[in-house]
Amino acid sequence: MSPVVRVDGKAVELPPDASLLEAVRAAGADLPALCHDDRLRPAGSCRTCLVRADGRLVAACVTPAVPDAAVDVADDELRTLRRDAVALIASALPPRALAADAGTELARVCTELDIGSQTAAGTSGRGRDDSHPFVHLDRDLCIACGRCVRMCSDVQGTFALTLTGRGADTVVAPGTGGPWAASDCVACGGCVDTCPTGAISQPGPGRGLDSGRPPPDRVPTTCGYCGVGCALDVVVREGRVAAVLPARDGPVNRGHACVKGRFAHGYLASAERLTEPLVRENGELRPATWEEALARFAEGLRRAVHDGGPDAVAAISSARATNEENYLVQKFMRAVIGTNNIDNCSRLCHAPSAAGLTASFGCAGGTDSFDDVETADCFLVVGANPVEAHPVVGARLLQRALAGASLIVADPRAVGLAHHADIHLRPSPGTNVALFHGLAHVLVAEGLADSGFLRDRVTGLDDLLVLLADYPPDRVADITGVPAADVVAAARLYGRAEHPAVVYGLGVTEHLHGTDGVRTLANLPILRGAVGGTGRGHGIIPLRGQNNVQGASDMGALPDLLPGYGRVTDPEARARAEEVWGRAVPSAPGLRIPEMFTAARDGRLRALWVIGEDVCATDPDSRHVAEALDTCPLVVVNELFLGETARHADIVLPVASWLEKDGTFVNFDRRFQRVRAAVCPPGAVRTDFEVVRSVAAATGADLGCPTPAEALDECARIAPLLGGLSHARLDREGAVHWPCPSPDEPGEATLYTREFATADGRAHLCAVPYLPPGEEPDDDYPLLLVTGRRWAHYNSGSMTRRGANLLLDNRGSLDLHPEDAARYGVRDGAPVTVRSRHGRARLVARVGTELVPGQVFCAFHFPADGVNTLTSRHADTVTSCPEYKVTAVRLSAAADDD
Ligand SMILES: Nc1nc2c(c(=O)[nH]1)N[C@H]1C(S)=C(S)[C@@H](COP(=O)(O)OP(=O)(O)OC[C@H]3O[C@@H](n4cnc5c(=O)[nH]c(N)nc54)[C@H](O)[C@@H]3O)O[C@H]1N2
Ligand SMILES: Nc1nc2c(c(=O)[nH]1)N[C@H]1C(S)=C(S)[C@@H](COP(=O)(O)OP(=O)(O)OC[C@H]3O[C@@H](n4cnc5c(=O)[nH]c(N)nc54)[C@H](O)[C@@H]3O)O[C@H]1N2
Ligand code: SF4
Ligand code: SF4
Ligand code: FES
Ligand SMILES: [Mo]
């Protein structure tokens, strides 16, 4: 029921459970509310929001708006009471709290209430804590409102903060007692954002910003790090980024963000930033003009095509770049060069998701919207570590678990969410398919499958039932190491939930049988009828990694697919593109990324354009990659920095990053969102968009699409799936999900509500057996190395290592169990050498119990350590996605040098 309340006589209708504060705001009035933040549960402690409700004096923030309540706000007595409450708080603070440039919520409220700056007459003396690179504390400004503490617990879920002391001496402090830098803080910035006084602030020009009130110098955009797609407001001062704030109306982040989106923009001003093109001369890279670099590039392309035909040219497009840039790159390769040799880092990441979900359901994206987290009552989180890799998703999942939703985590490591899970399944890396069959076996055996759904909407049940007979929990326990009782318990939890949801990551895809993993995981929601808009669950969502890896693939930066997933082998799909481009589109699928390197080594590939992927750092068996580049006659790299790959290039083109350009990204749950230039790139830097156009021009071709907006319009004409998308629409509506076939239809958040998009309109169960991983430990390489992510750095680290994130984590480390540490004589914090059949890495040991004995873990954020010299060329048999999650290694304690 929607209550109707009268605010100073004006009737307002409210959502159920609204507070009087919301009623007052809905009536167009406002109140000071110093201990309140819409993102948090109300505390009702500061008494600055006093109103009279049906004659009683109450704090509006904690008083429910009961139907027909009469609320007085504006009378003089109330104004005085509120003003006195604020003035009392301000009077205890030192003068700087209300200085002219304070810019905080408290300063704004005082101005509005005509409380002069001389009111702040308290003393200083409690001191500061500036130990942390991004979060500073000025204890004298703390009013003990507790907003920071609640932000850290109720939104972020880190529980790093507490209020200590008594009475007027109460002040916020890290719960661990020591300095902030040594606390559990993961620098999400939540406390900084909510603090009304500037007691907690970020250093530099963004200090004490009042994020509730966007002034006009804020540029709304979408984060360019991970695939969550947080909406951010970039505060610009004198042409530079002063701060990045989470947008309160962000559809996925809802006023939250993480250390990367919020603080990792120091790279923009790095002295190492490339500011002019480089060309190789006598073996060295030297600066050049754009004219010279482009002319050389065009000549190199001409020669490659002359010597080897169009298929002697290939491009790797960037999941960091915009949709419009990806669209143009693939258009250039297909319509100008005449080859389908175009791919993107989805190949290294979620290509098995695209292939697997397409085979099971018909479309290459997650089946449902992340908005469903609020209604799901059970989460099965598989092979994903969102607390570190998709922190805003991790935070929202954690809050749902804390609110009572059940949580099953399937990960060999004790990742952040596992600590809050009802059940933590720890399959041995590479054994997912057996685990998923085990869960399916129990669902079927215990009558938890949805027979009506299976009959009406599903294909493949008979084959699966035959196969599942071979996967009783005991056998699954033998293969995976997960106790049979846990398999049964997890299946029951998922099977009996009313609205279960599956969320997964690279622990499913980056395997020799990654596509099988995706498909057999997808069997679970199909068996339960928890997909396809049945109201009985929320399907399956891949946590796609890069900011725009979904979009790069949607745009057709793939060797077999055109924009909107038309197959290059399908004459109709080709005809749609050919009509718009006026050029024939080749019908043979092109090379995948690993095939490009093989072709380069074989001499078949004569020109490779690498746009925003540091393949020599992040592709597996990287020594082989470097050799391939060195063999290829022309290598051109579009980059921000002279990374590992750029060092092997013949031409390096300096490009803009996400804070410096216009376009759109697609996030992990298929939302198109706008990206806007907040600042100008340095020197002669151009956007990838401009670069692709000028490369085409240098070869004598006109790519059309003079602006990003026009590029998306053109893409919409080719791709029925994306037909309704445009910059104008996104500027109006914020985010729009694909599929979105027409401008006057909303995007589809939940897919397949009528039928699945497969040829027969049914969901397809997958009956493939478990097969072992490509590498297994033996006497020479007795340990199993899993690679993945850590919270403070991003992939190659090219951006996060060039800013203060380096102060949060400054070296590559290897996690190992105390038993293994003892066995190999490795001490915590000591250097350790890791060897595989393919290479060697040097790391620092981190002894702990995240892993079981026999397994070790490291990230790949410090390329100089050599982690990707260790990883093998084993790859998913369907999509060629590397088996990054399983490498057999051995350790030695000393940093020896052979
Ligand atoms: N801070 C940070 N955030 C990032 C990134 C980053 O580099 N740093 N990168 C972004 C990108 S590109 C991506 S793709 C995403 C990746 O995000 P995630 O997929 O969450 O990342 P990973 O840490 O690579 O792997 C996830 C988990 O898979 C588990 N795993 C390994 N093998 C198996 C297995 O056989 N079975 C199961 N069930 N689990 C297994 C690992 O233990 C690991 O915890 O993160 C994005 N966000
Ligand atoms: N061992 C191991 N290796 C892995 C993985 C793993 O789990 N384990 N995960 C794999 C996965 S999932 C992924 S996605 C890859 C990621 O690997 P990469 O794509 O290589 O990593 P990034 O660091 O995200 O970015 C690549 C480069 O793009 C540049 N860049 C940033 N923005 C732009 C832009 O707008 N335009 C251009 N032209 N360049 C830009 C950056 O400076 C950076 O050098 O790593 C893979 N490698
Ligand atoms: S920055 Fe985030 S994690 Fe750190 S103390 Fe503040 S709210 Fe907690
Ligand atoms: S969660 Fe992802 S999208 Fe959001 S701020 Fe962090 S890196 Fe950016
Ligand atoms: S905002 Fe209502 S009591 Fe503090
Ligand atoms: Mo990724």
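What counts, and at which threshold
Residues numbered from 1 in each chain as written. Chains lettered and ligands numbered in written order. Predicted model: local features only at pLDDT ≥ 70, side-chain atom pairs only at ≥ 80, totals over all residues. Heavy atoms only, no water. Helix = DSSP H or I, 4+ residues; strand = E, 2+ residues; numbered from the N terminus. Rg over C-alpha atoms; globule rule 2.2 N^0.38 Å. Buried < 20%, exposed > 50% of the residue type's maximum accessible area, 1.4 Å probe, protein only. Contact = heavy atoms within 4.5 Å. Areas by Shrake-Rupley, 256 points an atom, 1.4 Å probe, with all protein chains shown as cover. Lys, Arg positive; Asp, Glu negative; His and termini not counted. Charge placed at Lys NZ, Arg CZ, Asp CG, Glu CD. Pairing = 2+ DSSP bridges. Axes fitted to C-alpha atoms, helices over the stretch in contact; angles between N-to-C directions. Near = heavy atom within 4 Å. Polar contact = N/O pair within 3.5 Å; in protein donor to acceptor, adjacent residues only side chain to side chain. Domains from an automatic or database assignment. Salt bridge = Lys/Arg side-chain N within 4 Å of Asp/Glu carboxyl O. Parallel < 35°, antiparallel > 145°, perpendicular 65-115°, else oblique. Nonpolar A, V, L, I, M, F, W, Y, C, P; charged D, E, K, R; others polar. Phe/Tyr/Trp six-rings, centres within 6.5 Å; stacked < 30°, edge-to-face > 60°. Lys NZ or Arg CZ within 6 Å of the ring centre and 35° of its normal.

1. Considering the overall build of the protein chain
Summing up its helical and strand segments, the protein chain has 29 helices and 36 strands in all. Taking 29 Å as the expected radius of gyration for a compact globule of 898 residues, we find that the protein chain reaches 28 Å, a close match to that expectation. Considering only C-alpha atoms, the protein chain reaches an extent of 85 × 70 × 65 Å along its principal axes. Across the 898 residues of the protein chain, 62% fall into the buried class. A separation of at least 24 residues holds for 71% of the contacts in the protein chain among residues at least 6 apart in sequence. With the model as given, the accessible surface of the protein chain reaches about 31,600 Å², and the carbon-plus-sulfur share is 50%. Side chains of the protein chain give 88 positive and 113 negative charges; the mean places of these two sets differ by 2 Å.

2. Observations concerning the sheet that holds strand E15 (residues 284-287)
With mixed pairing, seven strands are arranged side by side in an open sheet as E15-E14-E26-E25-E24-E16-E17. Of all strands in the sheet, those bounded by a partner on one side alone are E15 and strand E17 (342-344). The sheet shows a mean angle of 20° between the axes of neighbouring strands, taken without regard to direction. In this sheet, E15 lies alongside strand E14 (residues 278-281) in antiparallel orientation, the contact comprising four bridges. The residue bridging Glu-281 from the neighbouring strand is Glu-284, located in E15. Across the sheet, helix H7 (residues 290-308) lies against E14, E15, strand E16 (313-317), strand E24 (607-611), strand E25 (634-639) and strand E26 (651-654), angled at about 130° from E26, the strand it touches most. Relative to the sheet, helix H24 (residues 688-698) contacts E24, E25 and E26, its axis offset from that of E24 by approximately 160°.

3. Points about the site of ligand 1
Taken together, 35 residues sit near ligand 1, with Ala-389, Asp-411, Arg-789, His-793 and Asn-795 positioned nearest. Gly-430 is positioned with one of its backbone polar atoms (N or O) 2.8 Å from an oxygen atom of ligand 1. Gly-507 places a main-chain nitrogen or oxygen 3.4 Å from a nitrogen atom of ligand 1. For ligand 1, the protein covers 99% of the area, taking 910 Å² as the surface of the free molecule. Within the residue set of the shell around ligand 1, elements represented by two or more residues are helix H10 (386-389), helix H17 (506-509) and strand E31 (783-788).

4. Looking at the domain arrangement of the protein chain
Assigned domains within the protein chain: domain 1 (4-91), domain 2 (126-269), domain 3 (293-337 + 548-722), domain 4 (351-542) and domain 5 (783-897). In this structure, domain 1 and domain 4 have C-alpha centres spaced 45 Å apart.

5. Examining the sheet that holds E31
Overall, mixed pairing links the six strands, which are arranged E31-E35-E32-E34-E33-E36 in a closed barrel. For this sheet the average axis-to-axis angle between neighbouring strands, irrespective of direction, equals 45°. Direction of pairing for strand E32 (residues 813-816) relative to strand E35 (residues 855-859): antiparallel, over a ladder of two bridges. Within E35, the residue paired with Asp-815 across the bridge is Phe-857.

6. Here's the deal with the pattern of salt bridges
Per the counting criterion, the structure on display carries 51 salt bridges. Put simply, Arg-536 and Asp-450 hold a salt bridge, and the shortest N to O gap is 2.8 Å. Within this pair, whereas Arg-536 is found in the loop between helix H18 (514-528) and strand E23 (540-542), its partner Asp-450 is found in the loop between helix H12 (432-445) and helix H13 (451-457), the two being separated by 86 residues in sequence. For Arg-536, a relative accessible area of 34% translates into the label partly exposed. The exposure class of Asp-450 is buried, given its relative accessible area of 16%. Its salt-bridge partner being Asp-778, residue Arg-837 comes within 2.5 Å of it at the nearest N-O pair. Of this pair, Arg-837 sits in the loop between strand E33 (831-836) and strand E34 (840-847) while Asp-778 sits in the loop between strand E30 (763-764) and E31, placing them 59 residues apart in sequence. A network of salt bridges, in which partner residues are shared, links Arg-96, Arg-126, Arg-128, Asp-130, Asp-138 and Asp-140.

7. Focus on H24
Looking at H24, one finds that the buried residues are Asp-688, Phe-689, Val-691, Val-692, Ser-694, Val-695 and Ala-696. Buried residues along H24 sit against H7, helix H8 (323-337), E24, E25, E26 and helix H25 (708-718). Phi turns positive one or two residues past the end of H24, at Gly-700, with a value near 90°.

8. Some thoughts on the packing of helix H4 (residues 147-156) against helix H11 (residues 391-402)
Each pair of packed helices can be described by the angle between their axes along with the distance between the axes. Remark: H4 packs on H11, axes separated minimally by 8 Å, with the N-to-C direction vectors making an angle of 85°. Taken together, the axes of H4 and H11 lie roughly perpendicular to each other. Residues Ser-153, Asp-154, Val-155 and Gln-156 of H4 lie in contact with H11, whose contacting residues are Ala-395, Leu-398 and Gln-399. Looking at the contact of H4 with H11 residue by residue, the classes come out as three nonpolar, three polar and one charged.

9. Description of unusual backbone geometry
With an omega of -5°, the peptide bond running from Trp-738 to Pro-739 counts as cis. The phi dihedral of Asp-17 falls on the positive side, at around 65°, and the residue is not glycine. Turning to its location among the elements, Asp-17 is positioned in the loop between strand E2 (10-13) and helix H1 (20-26). Residue Asp-17 is classed as exposed on the basis of its relative accessible area of 76%. Backbone geometry places Asp-68, a non-glycine residue, at a positive phi of 70°. On the secondary structure map, Asp-68 appears in the loop between strand E4 (56-59) and strand E5 (70-72).

10. Topic: the site of ligand 2
The environment of ligand 2 is formed by 31 residues, the closest being Glu-639, Lys-661, Asp-688, Ser-796 and Ser-798. A distance of 3.1 Å separates an oxygen atom of ligand 2 from a polar side-chain atom of Glu-510. Note that a nitrogen atom of ligand 2 is positioned 3.0 Å from one of the side-chain N or O atoms of Arg-789. Counted by class, the shell around ligand 2 contains twelve nonpolar, ten polar and nine charged residues. Counting the residues that make up the shell around ligand 2, at least three belong to each of domain 3 (293-337 + 548-722) and domain 5 (783-897).

11. Here's the deal with the pairing of strand E18 (residues 378-382)
With five of five residues buried, E18 lies mostly within the body of the structure. Burial along E18 is two-sided: the residues Cys-378, Leu-380 and Val-382 and Phe-379 and Val-381 are all buried. Relative to strand E22 (residues 500-504), E18 is paired through five bridges, and the arrangement is parallel. If you follow Leu-380 over to E22, its bridge partner there is Val-502. Of the pairings in the sheet, the one linking E18 to strand E19 (residues 406-410) comprises five bridges and is parallel in character. Looking across to E19, one finds that Val-382 is bridged to Ala-410.

12. Regarding the pairing of E24
Of all five residues that make up E24, five are buried, and the element is covered over most of its length. On E24, burial covers both faces: Ala-607, Trp-609 and Ile-611 on one face and Leu-608 and Val-610 on the other are all buried. Where E16 lies against E24, four bridges are found, and the strand directions are parallel. Bridge pairing in E24 places Ile-316 opposite Val-610.

13. Looking at the packing of aromatic side chains
Summed over the entire model, instances satisfying the criterion amount to twelve aromatic pairs. Pairing Tyr-565 with Trp-738 gives two aromatic rings, centres 5.9 Å apart and planes at 40°, and the pair type is tilted. Separated by 173 residues along the polypeptide, Tyr-565 in the loop between helix H19 (549-554) and helix H20 (571-581) and Trp-738 in the loop between strand E29 (736-737) and E30 bring together distant segments of the chain. A relative accessible area of 17% means that Tyr-565 is categorised as buried. A relative accessible area of 0% places Trp-738 in the buried class. Against the face of Phe-857 rests Arg-413, its NZ or CZ located 3.6 Å from the ring centre. One Lys or Arg, Arg-802, reaches over the ring of Phe-641 and ends 4.0 Å from the middle of that ring.

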